[in-house]
Structures are given as C-alpha cells and as structure tokens.
Amino acid sequence: MTDVRGRVKAFLAERDPATTDRLDFLRARFDAGLAWVHFPEGLGGLGLPRAQQELVEAELAAAGAPDNDPRRIGIGLGMAAPTILAFGSDELKQRLLRPLWTGEEVWCQLFSEPGAGSDLAALGTRARRDGDDWLVTGQKVWTSSAHTARWAILVTRTDPDVPKHAGMTYFVCDMTDPGVEVRPLRQITGEAEFNEVFLTDVRIPDAHRLGEVGDGWRVAQTTLMNERVAIGGRSIPREGGMIGVVSDTWRANPDRRTPEAHDRLLKLWVEAEALRLAGIRLRQQLANGAPGPEGSAMKLAFARLAQELSGLELEITDDGLRYDDWTLRRPDMVDFTGRDAGYRYLRAKGNSIEGGTSEILRNIIAERVLGLPSEPRVDKDVAWKDLPK
Amino acid sequence: MTDVRGRVKAFLAERDPATTDRLDFLRARFDAGLAWVHFPEGLGGLGLPRAQQELVEAELAAAGAPDNDPRRIGIGLGMAAPTILAFGSDELKQRLLRPLWTGEEVWCQLFSEPGAGSDLAALGTRARRDGDDWLVTGQKVWTSSAHTARWAILVTRTDPDVPKHAGMTYFVCDMTDPGVEVRPLRQITGEAEFNEVFLTDVRIPDAHRLGEVGDGWRVAQTTLMNERVAIGGRSIPREGGMIGVVSDTWRANPDRRTPEAHDRLLKLWVEAEALRLAGIRLRQQLANGAPGPEGSAMKLAFARLAQELSGLELEITDDGLRYDDWTLRRPDMVDFTGRDAGYRYLRAKGNSIEGGTSEILRNIIAERVLGLPSEPRVDKDVAWKDLPK
Amino acid sequence: MSDPNLLTSDVEEALRAGVRELLADKADAATVLGRVESSTPSDLDLWRTLVDLGATSLPIPESLGGQGVSWREAAVVAEELGRAVAPVPFLGTMLATAALLTLSDDPHAQDALKRMASGESVVVLAIPLSGPVDGPLARTVRSVADAGVADQFLVPADGGLHLVEAASVQPVVSLDLTRPVWDVTFDDPGVRLTGSGESAVDSALLAGSALLAAEQVGIAEWCLTTTVAYLKQRYQFGRPVGSFQALKHRLADLWQSIVLARAAALNAADALATSNDDVRVAVAVAQSLCSTVAVRAAEECVQLHGGIGMTWEHPAHLYLKRAKADELALGTPGRHRAALASLVNLPG
Amino acid sequence: MSDPNLLTSDVEEALRAGVRELLADKADAATVLGRVESSTPSDLDLWRTLVDLGATSLPIPESLGGQGVSWREAAVVAEELGRAVAPVPFLGTMLATAALLTLSDDPHAQDALKRMASGESVVVLAIPLSGPVDGPLARTVRSVADAGVADQFLVPADGGLHLVEAASVQPVVSLDLTRPVWDVTFDDPGVRLTGSGESAVDSALLAGSALLAAEQVGIAEWCLTTTVAYLKQRYQFGRPVGSFQALKHRLADLWQSIVLARAAALNAADALATSNDDVRVAVAVAQSLCSTVAVRAAEECVQLHGGIGMTWEHPAHLYLKRAKADELALGTPGRHRAALASLVNLPG
C-alpha cells in the first residue's frame, strides 16, 4: 500500500507552504496526486481508498498548507468532478479537473427549470444537433455561482418524443458562450444568492457531452447522488449553529421571556441536541463503514429546526420588527450567523426547498427507507411532449 | 300555511303529557304528523319545511312532553328513515317508520366490513338471488346497537363482475333472522360499544330491497349524507364538554401544574372556544338558510381537540397511571364525562376514525371545499372481483 | 350570556365588496411591491380613496363626521386590507381612534376625530408596535406603525394622552415591508387630553388587537386561496401538484384552522362592537389563534409554492413578513394566552 | 468533551438478539394480552429466563454475581423489553439496582444485589412511578411499578433507604396493562442502609430515566414497523394504503423523530455508563424527547390501523397504554425540560 503520509511529508519537504504561492502550491498538490487520493493517478489522485484522504488533509492542515476553499467550489468538487470522472472523455478530464480542483475555474449546475423543480426529468431546455455541435436553448433557474462560473454541468432535452427519462442528454457547458445570459434572482431575504440563466442557441461541441445521447437522466443521477448533506469530519459542539444564537438571544433578553416561549425554546434545544447527536452517530457509522440512511432524517430535521428556531428568535429578540438590510447583495454562501434574526427567519424558509424539498425527501424516506409502495404514476410511459405542463 | 303551533296546542289539549303513557303519547304524536313535520302526511309528518320542526320541539318540550330519546335511536332517525322514505315501497314505509320513530324498534347499520372501511364500495358481503328472496352471506363490523336492533340497513354485493360502485344492492335486513349472529367487539377502552355481525344465508325478501338492483351505492350515499355531525338546536356553553372537565382538573390539582402544561391547556382552551364559536356561526348560517361546509372542519377539529385534551388531562390529573374499569361493558353511547381521564384518552382515539376517518375527511375537504384535483384512481374501471384486496 | 352574532350582514358584505374592488384596482401585488420599494412606502392616494369611501372613519360618530357604525365594520375593512397587505395607515389610525373615542368629552379629541374622519389629518397612537407598552415611555418611541405619514401623534405620558406633533420621524429598516415602522421623537408636550391615558391606551389595544385578528384572517385566506390556485395549475410528475395527497391534507388542515380563526375574529369584533363584558376574553382568544394561523398560512404558502415562493417578485413574501410582524404586534400569542389565564381562572 | 460512543457494539447486538429471540418465543402479542388479563399480570417464568440469560443483572459487579458490564447493555435490554411490552419487573428492579449500587459498601445492600443477580429475590424501589418523589413518603406508597412480584422493597425514609418487606401490596386498576402499578403499605422500618438515601434515589431516577428512554425507542420502533407492515398489505381504493402520500409523509416524519430519539437514548445510556458530567443533560434530553416520540408513534399506530387498531384483540392498545404511562413515569417531558433549563443556563 502506498504510504500516503510519507508522500505528503515528501511533498511538503519540497514546498514550504509558508513561502510557496498559494496557486502554485495547489497545482503542485494536484500533480502530486494529493488532491483527491481516490481519483486516478494523473488526475489529482493515487487510486487509493477514499478514507485515506482524511490523512492527507490532516497532515497538510497541520503543516499550515492552504486549502482550495472547498465550500466556495462545492458544486465543482461535489457534483461536476465525480460526473466528469465517470462519464467524461480523457481529453475532458485532463482539461477540466485540475483548474476545477484548484478553484481557478468555478463550476455551476444548470439543472432546475421554472417548470421542472421537484420533477427534474420534466425539464424542457432543448438541445438540437448541428453538425459536430449542439445548439441549446432554454431557461434554467436557482443556479448558484452562475455569475462567477467558467463552466456548467447542464442537462437538456434532446428527444421530446420519448418518455421524459429517456430523452435527456448531459453536457459540459462553457459559461462564456455568447448565448449564455445570467441574471441575479432576488430572494425574499433581499439578496441574490442564485441566478436565472437564459440559454439562446448556445453552441456546445459534441465532445463536451457526458454519457450517451438520451442517457442524461442516468448521468444526472450520478451527479445528484454526490449532492448529499456534507458530513464534516468534526463534530459540531453543543449549541453549535442556530440553536446557540437563539439561546444567546434568550439569555440576553430577559424582558422578552414568556413561559410559553421558554418551553418552546427548550423543546427546540432538545431537538437540536438530538440532531447533533444523530450527526455524531452517523459519522461514527460512516467511520465504521456502515452508514445508515439517517442523513435524510437529518436534512428534514435541520430544515424544520432552523425554521422554528428562527421564528421563535423573532419573538424573543429585542425588536423583531426590524431588519438589517434589504440591499440586493450577492453573497457567496448563506450567512446564518452573521446577520440578524429576520434574515435567519426568511432564509431558513429555503432550507426545506433547496437541495430537494422536504416533501420529496419524505417520499424518498417512505419508499426507500420504510419500503412503502409508490403512488400510481401517470408520467412513465408518455412522450415528454405530451405531458401536461 | 299550516299553523304548526296551533296543531301542537290542539294535540296537547287532547293529551296531557303528565298523565298519558309515554308510548301512547309518542304513537299519537306520530299519527298527528308531529313526529317530523317535513315527512309526508300519514308517515309522521305534515309535508312542511324542515325548519318548522323546531317550533314543534320547543312547544312540546315546554309542555313537558316525553321525547323519543333521539340519541338512543340516532341511526334509525338519522340514517334509516330518510333512506326508507326516499327508496322504500309504500308498504315498507307504513310498516317501518312508526315504530322506528317511537323507538319501539331499534335500527342498526350494516355497512362497514373488515376489508371495507374507508373504502365502503369495496365491500364483499354477497347477496344472491333465490326466487323472491335474496340469500346474504358476509361479515360486517363496527355495528353499534346490533345486539338490540330489530332491523338493519344493509349494503351488499350482488354483482362482482362489474366495477365496485356498480354491483351493490341495498336492503332492509331483519336482525331476528336465524342467519344473523351478533358478537360484541371489545375496544381498547375495555368496553364493547360495537359489534361484529356475521351473516350466513340470511334470507331477505326482495320486497325489502331499497332502490334498484345494482344501485346500492347511490342509495347508500343518501344514507351517508344524512350521517353528519348533528348540529343541535342550542349553543354549547363556554367550557362545555371535555374542555370543561380538563379545566376543572387543572384547577383541582395545583401540584401537577407545569408552565409547559399551562400553555398547552391555554392553547387548547382557545381552540375549544373557537370551535364552540364556529359551531354557533354554523348554526346561525343554517338558520339563515345558507349553511357552509364548516361542519367538516368542526369534526376534524373536534377529534383532534378531544385527543389532545385527554392526553393532557392524564398528565395533570392526580394519578394518570390509574384506570377506572376494564370490565367488558356494553354502553348505549359514549360517556365522555362520566368516566375517568384514562377512559377519555382511549375513547377519544376513536373520534378520528368513526364516522369517516380524519384522513378521508381531509380528502373530502381538499376536493369538495378547496376544489383540489383528485388523485389518480386505479379502481374505477376494474371489476370488483379483480381488485387487489 | 346570549350568543354573539357571528354572521356578516348584507351591509357589511357590501362594504367588503367595495373595499375589495378598490384594492383589486389600486393595490394589486405588483403595485404593492413597487410601492414598498419606493421611498414612500405608505400609499396616501389609496388612503384618500378609503377616506372618501368612509372606510377609515367607521367607528367615529356621525356628529364628528364619521360613519357612526361599529368596530364590526372596521374589522371587515381590516380583513380586506390584510388580504391585500395594503400599505395604508389603517392600524395606527384605528389605535388612535379607539383611544380618542374614550376621551371624546375633550374638545381637542373631538377636533382630532373630526380631522381624521375628513381625512385632513392622519393621527397615530405613539406606542411601539411590538413589545411592552406598560413601561414609562421615553422621549423617543421606537417602532411606531404608520408614523411616517402621521401629522400628529397621541402620546401616552404621565398618566394622560397628549396630542403632539413629532420632532422627528426616522424610518427604520423593517421586517414588514407593507407596514414599516418608524422611530418617533418628541420634544413638545403638546396638548394633554382630559381623561385617563391608561384606559384610553387599554381601549386602543383591545380594538387594535381585534382588528389585527381580522387582518390575520384576511392574510391567511389570501395565502390559502393563492396556494390552492397555484397547485391546481402547477404540474409535476405529469399531475397537478394539488392532486398530491400530502399537500391536500395540509391544505385541508389549514382551511380547518381558518374556519376556527374566522369565528374567533368575528366574535372579537362583535364583542367590541357590543361593548360586552366578554371582550377581553374574546380578544385574547382571537389574537392568540389568528396570529398563529396567519403565520402558518404564510409559511405554508411559501413552502408549497416551492422555489417561486422564495423569490422577491412573487408576493408571498409580503404576506410572510406581514404575518410574522403581526404575530409580534400588540402582544405575541403567548402573551395573549397568559392574559387569558387570569381572565378565565386557569392559573399557572 | 469528547464525543460519546453512539454505536452499539457487537456484544451489545448479540445481547439484543438473544433477548429479542427469547421474547419472540415467550412474549408474542397474544401471549402478552392473555397474560395481562389474568390475575398474575407479571410473567415470572419469563423473568426467570431473563435472569438466567444475565439480562437482569448487567450493571451488578461480577463480585456480587452480576454481569459487571454497564448501563449501556441494560439499555439494550430495556429497548427490547419495550419493543415487546413484556410484562416483567425490569424497571422496578433496575431502579433498586441503581440505588443499591450507590450504597454498596453496606453488606445488606451487597446481599440484596447478590440475591437480585441470582434471581433469588425481586427487590423494587418503593417510589410512585408518576408524580413527585421529593416529598415526605407516607406509610403507603401509591402506584409502585412491579410491586406485585417484589419480595422486598427499598423505601426512602428519613434521609435514608430502608430494605423492607411490605405489609400489604394492593393491586391498582392501571392504565398500563403490561406494567400495572400497586399501592404498597409498610409497617416495619426494616434495615436502614448506610449512606444517603437522597443520592441513592437520585441515581435511581437517572438510571431509570435513561432506561425508560431506551424502552420508549423500542416502543416507537415497534409501532412504526408494525404500522408500515400493515399499510403495505392493507388495500383500499384498489391500492395498498401505504401508497397514499399523506400517510407516507407522516410515517417518514415519525421515522425521522425516531432517528433523533435513538441518538438521544444511546447518548443517555452512554453518559450513564461512563459516569460523565453530562449525564443529567443527556438524560433530560433523552427522556423529554423519547417520551414524546413513543406516544406519538403509538397514537399514529392506532390511527393508521383504522378500526382494527381500536380493538382489544390487536396489540396496538398495549403499546398506546405503555407509551402514555411511560410519558408520565419518572417525570413528564415538561418536567424534564424544566430540569434542563437550569442545567444549560436557559432560565425562564
């Protein structure tokens, strides 16, 4: 077995993180196969088990090495990269993975459409063959990072005459194409984390297709299976996250306390603690190699808790009628603790919608975890173009 | 217009309630058309608007007249009588309605089956033609009063080869037939309000059929439309019903109080009061001739409140671990205030099941009140015998 | 105790129809959203039309230029304004109206009511919309509803009510875009009105809470109706989303809650109109229930609209913000229940 | 503070499998229903088998004849007994065990533990299962769990714990058929054990609450599993009832609650086993959550079984009664949350 720790030490011996340029360091790390060790050699990895990555991260962090700011490039790392690895040509992998991992090229995801939210397979963005290229026209929505992205993963409809799951095709899309227009999508918080993306005869070379023509649904499943609640390596401390903020608000505002709010806070405190413990348990299962399906319970509970806690916070804060700022901001990511109670209340409403609504999640739990039968389906055998929309 | 009040006065002038035998009085009242004035003359009525009945009741009550104990014979009055009136032959009406109304003959309802609860139209009790009679075999369940009933209204399956709604036929069944066996059905409270009824080659003359052969579903709808939450003539006082019992328990047990239980009680008090007000409003709408669909909201809310209140009561009562009596009793009706907290807790569980589950009620509200579309149906065009069971 | 009248009369329904028609014309969602993003969030043109319709002076006696009807009618208007989240100073002026009506022996109070009825003045009660009002009031009163368009304020101080012009009215970045609040500073004691300030404020809070309950019913109904309409026309998985049973059941439950909330709100308005002994109980019941139902309706509206409900361009957020702010306004549900506890002998 | 161990070990799973197999054999639903209707509601044959398996003496040191493992293992047994609502005196004896372990310098306490481990005696802590235990105890202790099969009682009195035989043990008509309670009267002071009775009872309540949480997880899981199985095979409207989305969503939510409850219960048992400082918080969290989840699971089980769930012959009611009684036992969820408030500095 490759001695990963030894490799890291050797790598560090040649490059002092304190004196090496950040980007040079990251590129060299990729080239040394220490980006994601479970990727193949030559593509940032060493073909090792995924679990070994933790050792690499720990060693590098201990040495004060820069990281690639993984939260900022989460879509590239978590969704695009595994899909490119699984379905891309060698040329695409060589071209795309390195700048993806170093963060030099940001990625976004062109999946959701105004008419295809929970039902992704209903999407209608058309791709038509044009010689060696495809011409793509349609509208995508809820695209984070579209305004900073160099590339997108894109699912399109190539055959409207077959049932919806069968007529989709998956591409890598160049966001600098002149047919791509990105508009900020303002949310109820006042800010615009997301975008609408309008595609008008965007030209995509066939070489940028991932998977076969008509096989886009299956390729998209690979992407989505990698979009799950990230389970970090470390435990959250007690009162970590929103429960801590709200508990502190409670402690700071004795005038706003009522017995009713008190018990509500305690109930939520109990649930937040239990959710934290469930997270610890899930991580211990993962470490043990036997992860359970509890991650979906955690997403469901997290959304509900965030909503109830922030709703309560407005009642117990000094003046819940105020808001901090309605300016149209364009944040890189959600800031649940840096802003005020009103922001948390409004933003938390999205927790049960984004990344799969709580309703879809309940369907999935009922069918996949509990084994309950599915509902009668009316859309399985109908050509996409004949579906009611 | 007939002067109803005058008729009642004339009737009372001839029969002093204080000195007349109760049954004689009731029979005479029926014969005088003062039983249900909206029924035809000769069948206990005068062919008058239904609203006039209230005048009759008020006059008779003021005179101290005996009533026919309407709660005890509710199934006969509320369900059997309107169906017999709408679908029975003249002979049947003449034979059945008078003793039904006076209470001399008790009625029960043979609808639900172990395999057909919410889905009444799935029922499988078979009726086969045998000359001028029918022979009926099957099992019914949740039959109140079956052990005291002289007659039953009965829905059967006469044609298993057509879709379920089309192959049903409705009868009046003589409960003294030797093929009828009644067994008490013990509930979680320990008592047996209801029965299972086993029918084995029960012989029913074709003359006891209500409606056409195969038209039983439509006839049953007439019955069920009359089975609605009874809206009494008088308002409930504040803290009437279970909320009063639980509030008194609270007042009596200061040691058991917690801030959490306090707010829960207050929430339920508020809802009980609002439910009472909604009842007043519904009665005022009825009196105004413009009833709304709020009755179904009230049944839903009543069930939930009864369950939550009784659940709370066990926590605040002196010793919620005790029960009053597990003896197999056979009560005539539910006694929500005469027994203890544990009984209320257990019995209230039935409130969201009996007379239409809360789940079915929500379907009905969503579709009929809110106009939301129905779910895809898989059982509409399939012969009953081919349905999965 | 005889039963309250929980039906709306033909006259009340005619009033409702008039206000609703006006709002459909002048305060549709796009107009309201445009308005609240402007520098003048309150719509004084719309207000003037409501004044002319008589909708703003219903409880003021005819002798003072008002309509001389009752709080029942005012509640009808509140409900319709809630249904449209119309940005007009109704709540603030009704609070002032209720306070002034208890002091109407005072000629300054009479004069103020006259000016309010005619639309000449907008007078607002200077209390914080949320939070305790029983403490001593500072020179600056924080978070006063409708203050931005007021000419005069009724200021509780030293046990009395003072009719005052403000030294400054500072806009506050408010959670509720359609009823923003302002911080108001006073440096002139103004005119002290004859009579008890405490009982005037008490009356104002009772009337305001009853109107708020009606408003909340309007909000909840808009949210339910809009959600139902959306789910009927939105298709996913080849079916209208409104045919999915889990959503149908949630909406049925919501409708059920609104049935109860409506009865409670009507009862509070009726109790106020008939000045019956039960008004405190009626108001506490209505406020605690309707607050909760309106928030739930607005939250379900956002959730069941999916992504579109999270956007700024869809009006759902205006209702969510109003519903949540209303829940905090004039006492949270928990505080109303705590008040109820002593009224109905359910000690903690 | 390092993370608790929230996984069950292979040894613990082997213990679970052994107990579960035994209960499947000796305590299926029909057997339990028959048993609780008899004059001897506790199943002493089953108890004896559990004793022989070592499942009743897990936290007792090997030197006293016990298994010398920890409360984690006892919690596994509690969960399985809950899953079967097995009518055995586990809770009462575990309360006594926990109390005696704090007094184990006393030779009488050691002797009692030995007799309990061997199965020679059933010793039960004489406290009311529900209601305050901090008041002065009368000569008669009401509603004592498992008292009907006890040979001896541990009675808190005068600041100490006394090992006593009862003068009379009166059956009580109990809500919970599978864990009925008795009223117990004492006239003999018995043997006073050396050490603090208060801290012994305190330890007993902590251990008992943690075991109750595990039991509640077992109850909740049985209710969920049984309901899911029923709804898969029950057809209405030509479809399995379990395919109706509204029910699926409710069951998904219930499963989610059980995931959280299980983590909390495991944490309480682990905290107890490792005697860590956090045990009071862990127990309060687990008890308040698991109580509520078990009741909800049992209530949903009855409701979603429709009529059949309301019958005496279906076992659902045994679980409903146990879940509700467990909610009252050793402190309601509200009382546990009130205790938590001071532990985590969230004053009311």
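Conventions and cut-offs
- Residues numbered from 1 in each chain as written.
- Chains lettered and ligands numbered in written order.
- Predicted model: local features only at pLDDT ≥ 70, side-chain atom pairs only at ≥ 80, totals over all residues.
- Heavy atoms only, no water.
- Helix = DSSP H or I, 4+ residues; strand = E, 2+ residues; numbered from the N terminus.
- Rg over C-alpha atoms; globule rule 2.2 N^0.38 Å.
- Buried < 20%, exposed > 50% of the residue type's maximum accessible area, 1.4 Å probe, protein only.
- Contact = heavy atoms within 4.5 Å.
- Areas by Shrake-Rupley, 256 points an atom, 1.4 Å probe, with all protein chains shown as cover.
- Buried area = accessible area lost by both parts, 1.4 Å probe.
- Salt bridge = Lys/Arg side-chain N within 4 Å of Asp/Glu carboxyl O.
- Polar contact = N/O pair within 3.5 Å; in protein donor to acceptor, adjacent residues only side chain to side chain.
- Least-squares fit on C-alpha atoms with pLDDT ≥ 70 in both.
- Phe/Tyr/Trp six-rings, centres within 6.5 Å; stacked < 30°, edge-to-face > 60°.
- UniProt positions renumbered as here; feature names shortened; annotations may be inferred.
- Pairing = 2+ DSSP bridges.
- Disulfide = S-S within 2.5 Å.
- Axes fitted to C-alpha atoms, helices over the stretch in contact; angles between N-to-C directions.
- Domains from an automatic or database assignment.
- Nonpolar A, V, L, I, M, F, W, Y, C, P; charged D, E, K, R; others polar.
- 1 Å grid on protein atoms, 1.4 Å probe; cavity = no way out; pocket = protein on both sides within 12 Å on 5 of 7 lines; lining within 4 Å.
- Points joined across faces, edges and corners; volume = space filled by probe spheres on them.

1. A closer look at the overall build of chain A
In step 1: Assigned secondary structure in chain A consists of 11 helices and eight strands.
In step 2: What you see for chain A is a C-alpha radius of gyration of 23 Å, in line with the 21 Å of a compact globule of 389 residues.
In step 3: C-alpha atoms of chain A, sized along the principal axes, occupy 70 × 60 × 45 Å.
In step 4: Counting every position in chain A, which comprises 389 residues, the buried fraction comes to 56%.
In step 5: Considering only contacts within chain A whose residues lie at least 6 apart along the sequence, 69% involve residues at least 24 apart.
In step 6: About 16000 Å² of surface is accessible on chain A, with carbon and sulfur atoms providing 50% of the total.

2. Quick word on the interface of chain C and chain A
In step 1: Each partner contributes residues to the interface: chain C has 47 residues there, and chain A has 51 residues.
In step 2: Between chain C and chain A, a total of about 3900 Å² is buried, with carbon and sulfur atoms accounting for 59% of that surface.
In step 3: On inspection of chain C and its partner chain A, the count reaches nine salt bridges.
In step 4: Taking the shortest distance from any N to any O, the salt bridge between Arg142(C) and Asp319(A) comes out at 3.7 Å.
In step 5: At the boundary of chain C with chain A, the tally comes to 25 residue pairs in polar contact (both at pLDDT 80 or more).

3. Focus: the relation of the copies chain C and chain D
In step 1: Superposing chain C onto chain D takes a rotation of 180° plus a shift of 0.0 Å along the axis, which leaves an RMSD of 0.0 Å. The transformation relating the two chain copies, once decomposed into turn and shift, fits a two-fold axis. Relative to the rotation axis, the closest C-alpha in chain C is found at Ala246(C), a distance of 1.9 Å.
In step 2: The overlap is high: 100% of the interface residues of chain C also sit at the interface in chain D, so the same surface is used on both sides.

4. What about the packing of aromatic side chains?
In step 1: Applying the stated rule across the entire model yields 26 aromatic pairs over all chains.
In step 2: Each ring, one from Phe30(B) and one from Trp101(B), has its centre 6.3 Å from the other, and the planes form 45°; the classification is tilted. In this pair, Phe30(B) is assigned in helix H2 (residues 22–31) and Trp101(B) in helix H5 (residues 90–102), connecting sequence segments 71 residues apart.
In step 3: Site record: aromatic cluster; members linked through ring pairs are Phe30(A), Trp36(A), Phe39(A) and Trp101(A).

5. A word on the UniProt feature "domain: Acyl-CoA dehydrogenase/oxidase C-terminal" (unreviewed entry) in chain C
In step 1: Mapped onto this numbering, the UniProt entry annotates "domain: Acyl-CoA dehydrogenase/oxidase C-terminal" (unreviewed entry) at residues 196–341 of chain C.
In step 2: Measuring from the first to the last C-alpha atom of residues 196–341 of chain C gives 26 Å, for a span that is 78% helix and 3% strand.

6. Notes on the UniProt feature "domain: Acyl-CoA oxidase/dehydrogenase middle" (unreviewed entry) in chain A
In step 1: If you check UniProt for "domain: Acyl-CoA oxidase/dehydrogenase middle" (unreviewed entry), the listed places come out as residues 108–202 of chain A in our numbering.
In step 2: In residues 108–202 of chain A, helix accounts for 0% and strand for 52%; the two terminal C-alpha atoms are 16 Å from one another.

7. What to know about the pairing of strand S4 (residues 160–164) of chain D
Residues and elements named next belong to chain D.
In step 1: Burial of S4 is extensive: five of the five residues sit out of reach of the surface.
In step 2: Summarising the sheet, strand S3 (residues 152–157) and S4 pair through five bridges and their orientation is antiparallel. If you follow Val155 over to S4, its bridge partner there is His162.
In step 3: Linking two consecutive strands that pair antiparallel, namely S3 and S4, is a turn of two residues; a positive phi of about 50° is found at Asp158 within it.

8. Notes on the state of the cysteines
In step 1: Applying the stated criterion to the full structure yields zero disulfides over all chains.
In step 2: Free of any disulfide, Cys173(A) has its nearest neighbouring cysteine sulfur in Cys108(A), separated by 7.7 Å.
In step 3: Free cysteine: Cys301(D), not disulfide-bonded; nearest cysteine sulfur from Cys223(D) at 4.5 Å.
In step 4: For Cys301(D), a relative accessible area of 1% gives the class buried.

9. What about the UniProt feature "domain: Acyl-CoA dehydrogenase/oxidase N-terminal" (unreviewed entry) in chain A?
In step 1: When the UniProt feature table is mapped onto this chain, "domain: Acyl-CoA dehydrogenase/oxidase N-terminal" (unreviewed entry) is found at residues 9–104 of chain A.
In step 2: The distance separating the terminal C-alpha atoms of residues 9–104 of chain A is 25 Å; by composition the span is 55% helix and 0% strand.

10. Some details on the sheet that holds strand S5 (residues 168–171) of chain C
Residue and element names in this part refer to chain C.
In step 1: Strand order in the open sheet formed by three strands is S2-S6-S5, and the pairing between neighbours is antiparallel. Each end of this open sheet is capped by a strand with a single partner; those strands are strand S2 (140–145) and S5. The mean inter-strand angle of the sheet, taken between neighbouring strand axes irrespective of direction, is 30°.

11. Describing the UniProt feature "domain: Acyl-CoA dehydrogenase/oxidase N-terminal" (unreviewed entry) in chain C
In step 1: The UniProt entry lists residues 10–120 of chain C under the feature "domain: Acyl-CoA dehydrogenase/oxidase N-terminal" (unreviewed entry), expressed in the numbering used here.
In step 2: Annotated as residues 10–120 of chain C, this span is 66% helix and 0% strand, and its ends, taken at the C-alpha atoms, are 30 Å apart.

12. A look at unusual backbone geometry
In step 1: A positive phi angle is found at Ser143(C), which is not glycine, with a value near 55°.
In step 2: For Ser143(C), a relative accessible area of 1% gives the class buried.

13. Structural notes on the domain arrangement of chain A
In step 1: Entries for chain A in the domain assignment read domain 1 (1–67) and domain 2 (221–369).
In step 2: Computed from C-alpha atoms alone, the centre-to-centre distance between domain 1 of chain A and domain 2 of chain A is 33 Å.

14. Observations concerning the interface of chain C and chain D
In step 1: Each partner contributes residues to the interface: chain C has five residues there, and chain D has five residues.
In step 2: The junction of chain C with chain D conceals about 390 Å² of combined surface from both sides, 56% of it contributed by carbon and sulfur atoms.
In step 3: Where chain C packs against chain D, one counts three residue pairs in polar contact (both at pLDDT 80 or more).
In step 4: Grouping the constituent residues of the side of chain C that touches chain D by class yields three nonpolar, two polar and no charged.

15. Details of empty space enclosed by the protein
Residue and element names in this part refer to chain C.
In step 1: In this structure the tally under the stated criterion is 10 cavities of 30 Å³ or more.
In step 2: Roughly 130 Å³ of volume is contained in the second largest cavity.
In step 3: If you go around the second largest cavity, you meet 14 residues; those closest to its centre are Ala75, Val76, Glu79, Leu266 and Ala269.
In step 4: In terms of residue count, the dominant contributor to the lining of the second largest cavity is helix H8 (residues 245–273) (five residues).
In step 5: Here the residues of the lining of the second largest cavity sort into seven nonpolar, one polar and six charged.

16. Topic: the sheet that holds strand S1 (residues 123–125) of chain C
Residues and elements named next belong to chain C.
In step 1: Strands sit in the order S1-S3-S4-S7 across an open sheet of four strands; the sheet is mixed. Whereas interior strands pair on both sides, the edge strands pair on one side only; in this sheet they are S1 and strand S7 (191–193). Strand after strand, the sheet turns through a mean of 30° between neighbouring axes, direction not considered.
In step 2: The strands touched by helix H7 (residues 197–233) are S1, strand S3 (152–157) and strand S4 (160–164); relative to S4, the strand with the most contacts, the crossing angle is about 75°.

17. Things to note about the pattern of salt bridges
In step 1: Per the stated rule, a full pass over the model turns up 145 salt bridges over all chains.
In step 2: The salt bridge involving Arg15(A) is made with Glu14(A); its shortest N-O contact spans 3.7 Å.
In step 3: For Arg15(A), a relative accessible area of 23% translates into the label partly exposed.
In step 4: Looking at Glu14(A), the relative accessible area reads 63%, which means it is exposed.
In step 5: The partner of Arg72(C) in a salt bridge is Asp270(C), with the nearest N and O atoms 2.7 Å apart. You can see Arg72(C) sitting in helix H4 (residues 71–83) and its partner Asp270(C) sitting in helix H8, a full 198 residues away along the chain. You'll find Arg72(C) and Asp270(C) in the same group, each marked buried.
In step 6: One salt-bridge network, held together by shared partners, links Glu260(A), Arg264(A), Glu315(A), Asp263(B), Lys267(B), Lys324(C), Glu327(C) and Arg337(C).

18. Some words on the environment of Thr156(A)
All names here are of chain A.
In step 1: Tracing the chain through its elements places Thr156 in strand S4 (residues 151–157).
In step 2: Residues Thr156 and Ala348, spaced 192 residues apart in sequence, show a C-alpha to C-alpha distance of 30 Å.
In step 3: The contact partners of Thr156, leaving out residues within four places of it in the chain, are Leu123, Thr125, Ala127, Val136, Gly167, Met168, Thr169 and Phe171.

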